[in-house]
Amino acid sequence: MGSKEIQILVEKYWAGKTSPTEEAKLKAWYSEHADGTDPETERYFSMLGNFAKIKSDPSISIELPENTSVRRINQPSRFNYTYLSRIAAVLIIAMGLTLIWKMQPNNISTATTEEVYTQEEIQQSYEEAKSALLLIASKLNKGKDAVGQLDKFSETKKRISE
Amino acid sequence: MTRKQFNKNILPLREKLYRYALSITLDTSLAEDVLQDVFIKLWTKRDQLDQVENQEAWCVRIVRNQSLDRIRQRKRQPVELEKVQYAVSAFATTDMLEHEDLLQQIRLVLEKLPEQQREIFRLRELMGYSNAEIEEILHLNHSQVKVSLFRARQIIRKQIDKIINYGV
């Protein structure tokens, strides 16, 4: 590749029209053919060319761990939170039931009415219940009379139709 | 991905990924550290690699993130100057000094460019990736890459012309 061809490539490069292959040619050419005619351009392209030759320190080896565990994508975590939440729910229910059991009074089923209320209170409740039942009975009798009249009406209607 | 597939498909990217880490960190030892971290990360995520369409582009992105993390970490931990001087005098070789000179030149070029142009410059000029590959690595569209690359070259050309014409 002649220097005239290189000049054309350099102009193409600054215009942003070179391909990576052409740029590689430029870098390689300036790394080997620096004649001092255009020192800054030479320095620029040789800098890019020399950078591409840099290698990592071969004495430093990359050590990959032998038994690294790999968690697969979309695989659920080993720690099962659903299982844990079920255990927690059972524990909460058990604790709640125990608490309710402990809060209940032990003697409620054995206590009799006489032990809880006085004789006067029992009598008063009896009177109130009695008066309420008498009121219902009187209203019921009144309603029953009205139904009796209806029976007479339907009996008369039956005779006329016969 | 098995160890055999990993050795075949991923390990050969070592030099390319190292150079990319170096182009970001501009520090050989830091770039080696990044490379080590990246390969361990890739190894532990090797099952995800099977599902990646462009594995090289994916690796390049990991190197970029890891390099930037390392730079941030280093900024938080200032190194004592005496220790650095001791390290240079004890272990510096001719290759390392040549690398340092080259990295200094690259640093001067990169300093002149805005962030996006700098990133595209690294991938195109230093790594030799095509515009289509850069689009995939940086998640940019065709015109963004083309225009940024053109502008970056214009800035560098102006700088070179200044040095040639005015010695600045």
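Above: the structure in question.
Residues numbered from 1 in each chain as written. Chains lettered and ligands numbered in written order. Predicted model: local features only at pLDDT ≥ 70, side-chain atom pairs only at ≥ 80, totals over all residues.

### Looking at the overall build of chain A
The number of helices and strands found in chain A is six helices and zero strands. Going from N to C terminus, chain A has its helices and strands arranged as α-α-α-α-α-α. (Helix = DSSP H or I, 4+ residues; strand = E, 2+ residues; numbered from the N terminus.)

### Overview of the overall build of chain B
Along chain B, the regular secondary structure elements total ten helices and zero strands. Moving toward the C terminus, one meets the helices and strands of chain B in the order α-α-α-α-α-α-α-α-α-α. Out of the 168 residues belonging to chain B, those deemed buried represent 27%. Within chain B, counting contacts between residues at least 6 apart in sequence, those at least 24 apart form 66% of the total. (Buried ≥ 20, exposed ≤ 12 C-beta atoms within 10 Å, placed from the backbone. Contact = placed C-beta atoms within 7 Å.)

### Remarks on the nonpolar core
All names here are of chain B. If you look at the biggest cluster of nonpolar residues, it comprises 41 residues, and the most contacted ones within it are Leu17, Tyr20, Ala21, Leu35, Val38, Val63 and Ile134. When residues in this core are grouped by element, the largest group, seven residues, is from helix α3 (residues 28–44). When residues no more than four places from it in sequence are discounted, the contact partners of Ala21 are Ala31, Val34, Leu35, Val63 and Ser67. (Core = buried A, V, L, I, M, F, W, Y, C linked by C-beta atoms within 7 Å.)

### Describing helix α8 (residues 115–126) of chain B
Residues and elements named next belong to chain B. Taking 1.5 Å per residue, twelve residues should reach 16 Å; α8 reaches 15 Å between its end C-alpha atoms and fits that length. In terms of burial, α8 is a largely internal element, nine of the twelve residues being buried. Turning to α8, its buried residues are Gln117, Glu119, Ile120, Phe121, Arg122, Leu123, Arg124, Glu125 and Leu126. Just downstream of α8, Gly128 is the residue with a positive phi angle, here 80°. (Expected span 1.5 Å × (residues − 1).)

### Some remarks on the interface of chain B and chain A
Taken residue by residue, the interface counts 33 residues in chain B and 24 residues in chain A. Among the elements of the structure, α2 (14–25), α3, α4 (46–49), α7 (94–111), α8 and α10 (142–166) of chain B are those that each provide at least two residues to the side of chain B that touches chain A. Among the elements that take part in the side of chain B that touches chain A, α10 of chain B stands out by supplying nine residues, more than any other. Looking at side-chain class alone, the side of chain B that touches chain A contains 15 nonpolar, eight polar and ten charged residues. (Nonpolar A, V, L, I, M, F, W, Y, C, P; charged D, E, K, R; others polar.)

### With respect to unusual backbone geometry
Despite not being glycine, Leu26 of chain B has its phi angle at roughly 55°, a positive value. Inspection of the secondary structure puts Leu26 of chain B in the loop between α2 and α3.

### Things to note about the packing of helix α5 (residues 55–76) of chain B against helix α9 (residues 131–138) of chain B
Residues and elements named next belong to chain B. Where α5 contacts α9, the axes come no closer than 9 Å and their chain directions differ by 55°. Relative to α9, the element α5 is oriented oblique. Here α5 runs over α9; the crossing is right-handed. Contacts between α5 and α9 involve Ala57, Val60 and Arg61 from the former and Glu133, Glu136 and Ile137 from the latter. For the contact of α5 with α9, a count of residues per class yields three nonpolar, no polar and three charged. (Axes fitted to C-alpha atoms, helices over the stretch in contact; angles between N-to-C directions. Parallel < 35°, antiparallel > 145°, perpendicular 65-115°, else oblique. Left-handed = near helix turned anticlockwise from the far one by under 90°.)

### As for the packing of α2 of chain B against α3 of chain B
Residue and element names in this part refer to chain B. In the contact formed by α2 and α3, the axes pass within 8 Å of each other and the chain directions differ by 130°. Between α2 and α3, the angle is such that the two are oblique. As α2 packs across α3, the resulting crossing turns out to be right-handed. Packed against α2, whose contacting residues are Arg14, Leu17, Tyr18, Ala21, Leu22 and Thr25, the element α3 presents Thr28, Leu30, Ala31, Val34, Leu35 and Val38 at the interface. When the residues that make up the contact of α2 with α3 are grouped by side-chain class, the tally is nine nonpolar, two polar and one charged.

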